[in-house]
Structure formats: C-alpha cells, structure tokens
Amino acid sequence: MKIHEYQARQILADQGVPVPPAEVVRTPNEAVAAFEKFNQPMCVVKAQVYAGGRGKAGFVKLVKSADEARKAAEFMLSNRMVSNQTGPEGVPVSVLIVAPGVDIAKEYYLGITLDRGRGTATLIASAEGGVEIEEVAKKSPEKVLKVPLHPLIGLQGFQARELAYKLGFTDKLASEAAKLITNLGKAFIKTDASLAEINPLVVTKDGKLLAIDAKFNFDDNAIFRHPDIAAMRDETQEKPLDVRAHKANLNYIALDGNIGCLVNGAGLAMATMDIIKLHGAEPANFLDVGGSVTPEGAIEAFSIILSDPKVKGILVNIFGGIAKCDLIAEALVKAGRSIGFKVPVVVRLEGTNVDKAREILAAAHKDLPTLQSATDLTDAAKKVTAAVAA
Amino acid sequence: MSILVNKNTKVICQGITGSAGAFHTRQCLEYGTKMVGGVTPGKGGLKDPNGLPIFNTVQQAVDATGADATMIFVPPPFAADAIMEAADAGIKVIVAITEGIPVLDMVKVKAFLKGFPQTTLIGPNCPGIITPGECKIGIMPGYIHLPPAKAKSGKSVGIISRSGTLTYEAVWQCASRGIGQTTAVGIGGDPVKGINFIECLDLFNKDPETAGIVMIGEIGGSDEADAARYVKANVKKPVVGFIAGRTAPPGKRMGHAGAIISGGDDTADAKLKTFKECGIHVSESPATMGEAMAKALGINT
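Not measured: the values here are computed from a predicted model. (Residues numbered from 1 in each chain as written. Chains lettered and ligands numbered in written order. Predicted model: local features only at pLDDT ≥ 70, side-chain atom pairs only at ≥ 80, totals over all residues. Heavy atoms only, no water.)

1. Here we look at the overall build of chain A
Point 1. In terms of helices and strands, chain A carries 14 helices and 16 strands.
Point 2. Taken over the C-alpha atoms alone, chain A extends approximately 80 × 50 × 40 Å along its principal axes.
Point 3. Here chain A, with 390 residues, has 54% of them falling under the buried criterion.
Point 4. Taking contacts inside chain A between residues at least 6 apart in sequence as the whole, the part at least 24 apart equals 68%.
Point 5. On chain A, roughly 16,900 Å² of surface is accessible, and the fraction owed to carbon and sulfur atoms is 53%.
Point 6. Averaging the positions of the 46 positive and the 46 negative side-chain charges in chain A gives two centres separated by 1 Å. (Helix = DSSP H or I, 4+ residues; strand = E, 2+ residues; numbered from the N terminus. Buried < 20%, exposed > 50% of the residue type's maximum accessible area, 1.4 Å probe, protein only. Contact = heavy atoms within 4.5 Å. Areas by Shrake-Rupley, 256 points an atom, 1.4 Å probe, with all protein chains shown as cover. Lys, Arg positive; Asp, Glu negative; His and termini not counted. Charge placed at Lys NZ, Arg CZ, Asp CG, Glu CD.)

Okay, here's the thing in structure tokens:
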C-alpha cells in the first residue's frame, strides 16, 4: 500500500527524523495563507499524488509571491496530473504541501527495503543523492552502501555510526546523521513498511540535516495490524477497477490486450498471459482469484473483466487445489446468467472437484451458448485466440 | 525413493478446526497420508469429524502421536507463531499453507529456525509437498499425481515450483506422458520463505529414483538464477525449466530501492537466458513442460 508524501513526512517526524516545516493545504486560499505564514522569499508547492514524475508534469513549483502560490495551487487543484507513470487519464490532485525553500549544500540518498536474497531488510545509502539512484548503482556500485538490518533486533547504533562516517559526515553532523539513520530503521520496522525512502536527505548551507522528500510503501499482508495506516489509503489515487478488485480480494492488473483472463494462482495467471501471447494475441488483464475465492468474489471477477470494453473474449483457467472447480463453475454460470456473456468464454478446468464442475457447465450450456470447454492449456489458448480473431 | 516425506511420515494439522484445515485434512486422509491428529488451542480433548484427536499444543500432539510433520492452516496473524511452535516441539517437516503472512514476521521466523537445523520449513503461501502414492501434505489435487511404481515410462522426476497451480500443471503434463513423480514440492511465492530451489535440487540430485527435475520459477528475485548456476555446477540429471511472467508488464516495482536490490537479474528473459547458459532445458510455453521433460529423458510420447 502507498501513502502520500505529507503522510510519510509525518511518520518520519513522529520518529524524530528532522523534516522541514510544511503546510498541508486543500484550497488556493490556504496556499496563500501558508506562503504568508512562512514569510520567506521563496516556497515550493508540491502536489500530493501516489505517482511519480511530478516535477516534469509541472506539479512541483517554486513560488516567490503569494500570488504565484495561488496560481500554482489553482492549476494543480483544477487539473489531473499526467506523467509517464500515470497513463493518459492521469490522477486527481486534492492535497498540496507548501514548504519554504531550503538552501541545499549537499544531497544524500537513504532507503530501506527487503533484500530477498538475504531474507531481511536492508538499508541502502549513497552520498550521491537527489539523482536517479539506480543510475548511480549501475555506473558506480561502490558509491551505494548496503547495510542489512538484523532480523530480530533491527538496525544497531554502531551500524548507523559506521554508515554516517562512510557517507562522509563529520563532527556533530555525523552523530546527527547516525541518529536519523537509526530512526529511519525504527520507522521501517514499526510500520511494517516495504519501502522507506528519504530522497534527498540534505545538509543545508547553514549546516542542518533535513529529510526533504519521503516515500513509504507498506506490506499489504501486515496492514491488518496498522489501522492508522490503513486509514491513510487514498482511493482517488487508484484506478476504479483496481479499487473494486482490492475490495473483492482479487489480484487484478489491467493490461492493453483484448483477451480477459480469470485464473487461480499468480504463477498460473502469468503463465496464462504468456501462452495467449505465444498464440499471437494479447491479454487484457492479469487476474488471480486466489485460493479461497468465494462465489461473490468470482462473480465480481467476471464483472470486472467484462466492464473493460476492450475485452473480446475470456479465458478461464482454473487448476483447482484449495480453490474448488465446482465453485468456480457455479460462479461462472451465475455470472453468465446475471451479466450475460456477449463474448466467447473459453473454460479450462482441472483439479479438485473437476467432475462436478464439468456437469455444472454442461447443464448450463443451453443458457450460455458462448461458453466453450477446453481440454488443456494449449487447446484453451488456441480456442480463445481463434474466437477473438473471428 | 522420495525426498522429505514418505509413507511413514506422521502428520498433524495446525488449524484443523478451521474450514480449510478440516477440508484438506480429510482430503489428505483420503489420499492415504498418515494423519495422526490436529492442533487448535482451546479445543484439546475433542475429536475432528474423522475421529482424529485434537490437541491444545503441538508439543502435546507430538508426545501423544509421534508426529514428525505438520500442515499449517492457521490464519496469517498467528501463522508465524504456529511455525515456531512446531519447530520447538521437534517437528521435522513444517508445511505452511497460509497465504498473507507479514514479511517481517517471516524474517523473524527464519532467524528463529536457525536454532533448529533438523527442521525443514516448506512455504509459506505454498500448495505443500506430495510423494505420490505415499504422503500428501497440502492442498494439491492428489489424483493428478503418478507414483513411480505406476509410471509407464519407467521414469520419475522431481518437481520444484514457486507457483502452486503451475506445479499442478507440470505434474499433470508429466503424468499424462507416463512420467511419474518421486516428490513434488511447492516452495511458495513469498519473498522470505523456507526451503529454496537449491536445497530441493540438492535433495533430488541425491535421490537415485529421481531421473530428472522440473523447476518452475517466476519473475522477481534472484533465486532461479542462483539455482541455475547450482545446476550447472552440481546436477548431472536433466533439468527442465519454465519461468512465468514473460509478458508481465514492468513497473509495479518497489520504488528505487527495490530495483537496486534485485539488479537486472529478475526479469523472465534474464532468468531464461541464465537457464540456457547453465544447460537447463527451457520450456518456452507453460503447456510444454511435460513434453520438454519427456524429450530430455529420451521418452517417446
């Protein structure tokens, strides 16, 4: 799960990480008031959106007067932000932050995420901050430092101190940086984050250490124990179909093709997309109904797929283990009867309770003439690509 | 022969009174697994619908039944605790079916399990493990599997997969070509998990009855590439590989830090390239895993 920058700043501030002052505003008048309150020669107005690419899209602006602050806020709050990360429809903007300009002397990168190989979270740091850190990692990997967090006791003081000195901090700043790094580690663990990033961390010209921009993502599996974080979810930042799928416990990603897929298991769902492509067509979505799918969930899955106007055919591929084929078949028939299948639906079922499922489908054939059964994966892919091409 | 579990393995189910635990305990019993009991705290002393004794703790279950394996269906908030309880009670093979355990819980579990070198964790978020004809611990449909004794080709293979349903697919494709399975292991899709590809490859490599190995991976992480290099260095048996997610769109990645951790090694194409370089027989389609195995074993189908 993602949150906004202003919320990430709050999590850091609560953990004792120095973040520069900022006002969260929702109207142009509030933006003006914030500019006047700070009484500084320059402020930055930043749109709060989940997607990146704000600067290039014109949704981060330096303003030098109350009037400029108003204009920037008016523009951002009345336009959707379109960047290379949003798709052409863009995302709505309803919250901004206004913050005084900072005189930056040097920028650093700090981030914590899971290292699958090590099986624990790892802190990544670089004295080359503010830029694309992937580029730094590619060109000069020696400039990117990695420190694993102990699985049971987290990041220790000595690790933070060592890292602060390696990053080139000296004297009082070194101990401040060590404290900040320790606190970032604590915030990561405390919130069950999957990513905690400060980019850039800066030293100002008057020698202060500040977290200028912050980004937090959280482990969806752990949200149940963080109701405060769950409450931060901003559904306006997500695609409507994604929100519906999330509510129905479906793992759904919209794609560009015209063959809808309904599959159990993420691996088989990806493999089903792969085989559609191997047979010359394109999948319209990734959809994993999971193991413990309910009849309501399965019906919602069909209705989500069918609400995509690009979909010209559907491939249902179920290999029942924990998911029972008869349940899927019943849901399929129920969905067909309530929504109506105007497009060909090719069904391939195998596994737990498959015989019962085949009986259910055979009995419903009269009502649902676009339903076809397939004997195996290749047969299913051939039938659905042929049906769509016809 | 088989790896990890066989006809003598005595299995309990943690979470036996939940709907999934109860359903799959029955399915495992019907398959022939030596199910000896279950655990649900607060329900000790009762019996399940199959007449199996229910215990309050894993230790009580082990003391009373001699169980050496467990199948965990405990809900995600309590699953990490259930895994550690099983290890502490001396269980040798822990199969964690539960999906949705917080990652940082699994990080702690892995550290805890270092104190129990005799214990093997399979999963979580996995279909389980099956030695066909002998012992099924998990949610896989039993009937698709082919025990070595019934394999018409006279050959049997080991199957290792990160994806549950793709494991079934591989089993099904092999079985329908008369290729048996010594053991099939679903290692699970979570980023932090128990047994990995290399540990399974090592076990299958040492098992004389296993004639070949099917290895099924996905995009993300470097486990498949590491396993491929292990195959090149150590495994003389034919290995067939498939990677799901060639058409998965890039993106959905975890900010900058995630990209740095994974490097460039984690796309399907990068993994398949490593597979080929390491002498693994690559199945380009998910529908040709069985065919590729038959070819690699020199079986005419």
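After presenting the structure, the write-up continues.
2. Points about the nonpolar core
Point 1. One finds M71(B) and I137(B) to be the most contacted residues of the largest nonpolar core, which totals 86 residues.
Point 2. Element by element, the count of residues in this core is highest for helix α10 (residues 266-278) of chain A, at 6 residues.
Point 3. Apart from the residues within four sequence positions on either side, M71(B) is in contact with V11(B), I12(B), C13(B), Q14(B), H24(B), T25(B), C28(B), M35(B), V95(B), I97(B), I137(B) and G138(B).
Point 4. The next biggest cluster of nonpolar side chains, apart from the first, holds 72 residues, and it includes Y108(A), V147(A), A177(A) and L184(A). (Core = buried A, V, L, I, M, F, W, Y, C linked by side-chain atoms within 4.5 Å.)

3. A word on the domain arrangement of chain A
Point 1. Here the domain parsing of chain A yields domain 1 (21-100), domain 2 (104-230) and domain 3 (240-389).
Point 2. Computed from C-alpha atoms alone, the centre-to-centre distance between domain 2 of chain A and domain 3 of chain A is 43 Å. (Domains from an automatic or database assignment.)

4. What about the pairing of strand β9 (residues 156-161) of chain B?
All names here are of chain B.
Point 1. Within β9, 6 of the 6 residues are buried, which leaves the element mostly enclosed by the surrounding structure.
Point 2. Side-chain alternation along β9 places S156, G158 and I160 on one buried face and V157, I159 and S161 on a second face that is also buried.
Point 3. Of the strand pairs in this sheet, β9 and strand β10 (residues 180-186) are connected by 6 bridges, and their pairing is parallel. Residue pairing in the sheet places S156 in a bridge with G180 of β10.
Point 4. Assessed by its sense of winding, the connection that carries the chain from β9 through helix α5 (residues 164-175) to β10 is right-handed. (Pairing = 2+ DSSP bridges. Right-handed = clockwise from strand over helix to strand, strands pointing away.)

5. Looking at the confidence of the model for chain B
Point 1. The predicted model of chain B averages 93 in pLDDT, with 94% of residues at 70 or higher.
Point 2. Across the interface, the model reports ipTM at 0.90; the global pTM reads 0.92. (pLDDT = per-residue confidence, 0-100.)

6. Things to note about the sheet that holds strand β1 (residues 23-25) of chain A
Residues and elements named next belong to chain A.
Point 1. The 4 strands lie next to each other as β1-β4-β2-β3, forming an open sheet whose pairing is antiparallel. Two strands bound the open sheet, and with one partner strand each, they are β1 and β3 (60-63). In this sheet, adjacent strand axes meet at a mean angle of 25 degrees when their direction is disregarded.
Point 2. In the sheet, β1 pairs with strand β4 (residues 96-100) via 3 bridges, with the strands oriented antiparallel. Paired with V25 across the two strands is L96, which belongs to β4.
Point 3. Each of β1, β2 (43-47), β3 and β4 touches helix α2 (residues 28-38); the most contacted strand, β1, lies at about 165 degrees to it. (Axes fitted to C-alpha atoms, helices over the stretch in contact; angles between N-to-C directions.)

7. Here's the deal with the sheet that holds strand β2 (residues 34-39) of chain B
Residue and element names in this part refer to chain B.
Point 1. The parallel open sheet is built from 6 strands, whose spatial order is β3-β2-β1-β4-β5-β6. Strands with a single pairing partner mark the edges of an open sheet, and in this sheet they are β3 (54-55) and β6 (120-122).
Point 2. As paired strands, strand β4 (residues 69-72) and strand β5 (residues 93-96) are joined by 4 bridges and run parallel to one another. When the bridges of β5 are listed, I72 appears paired with A96.

8. So, the interface of chain A and chain B
Point 1. With 56 residues of chain A at the contact, the number on the chain B side is 56 residues.
Point 2. Carbon and sulfur atoms supply 68% of the area that chain A and chain B bury against each other, a total of about 4,500 Å² over both sides.
Point 3. On inspection of chain A and its partner chain B, the count reaches 2 salt bridges.
Point 4. Residue E169(B) is joined to R348(A) by a salt bridge in which the shortest nitrogen-to-oxygen separation is 2.8 Å.
Point 5. If you look at where chain A meets chain B, you find 10 residue pairs in polar contact (both at pLDDT 80 or more).
Point 6. At 9 residues, α10(A) tops the list of elements feeding residues into the side of chain A that touches chain B.
Point 7. For the side of chain A that touches chain B, the per-class residue count stands at 25 nonpolar, 16 polar and 15 charged. (Buried area = accessible area lost by both parts, 1.4 Å probe. Salt bridge = Lys/Arg side-chain N within 4 Å of Asp/Glu carboxyl O. Polar contact = N/O pair within 3.5 Å; in protein donor to acceptor, adjacent residues only side chain to side chain. Nonpolar A, V, L, I, M, F, W, Y, C, P; charged D, E, K, R; others polar.)

9. Section: the environment of E277(B)
Residue and element names in this part refer to chain B.
Point 1. Structurally, E277 is set in helix α9 (residues 268-277).
Point 2. Here E277 falls in the partly exposed class, since its relative accessible area comes to 49%.
Point 3. It is 10 Å that separates the C-alpha atoms of E277 and A225, two residues lying 52 residues apart in sequence.

10. Notes on the packing of helix α3 (residues 76-88) of chain B against helix α4 (residues 103-113) of chain B
All names here are of chain B.
Point 1. Contact pair α3 / α4: the axes reach a minimum separation of 10 Å and the direction vectors enclose 10 degrees. Between α3 and α4, the crossing angle belongs to the class labelled roughly parallel. Of the residues in α4, those in contact with A80, I83, M84 and A87 of α3 are D105, M106, V109, F112 and L113.
Point 2. Residue composition of the contact of α3 with α4, by class: 8 nonpolar, no polar and 1 charged. (Parallel < 35°, antiparallel > 145°, perpendicular 65-115°, else oblique.)

11. Concerning unusual backbone geometry
Point 1. Note the cis peptide between N199(A) and P200(A), where omega equals 5 degrees.
Point 2. Geometrically, the link from G123(B) to P124(B) is a cis peptide bond, its omega value of 10 degrees lying close to zero.
Point 3. Position of P124(B) among the secondary structure elements: in the loop between β6 and β7 (128-131).
Point 4. Here N39(A), not a glycine, exhibits a phi torsion of approximately 55 degrees, which is positive.
Point 5. As for its position among the elements, N39(A) is in the loop between α2 and β2.
Point 6. Positioned with a positive phi, N353(A) is a non-glycine residue whose angle comes to about 60 degrees.
Point 7. Within the secondary structure, N353(A) is located in the loop between β15 (345-351) and α13 (354-364).

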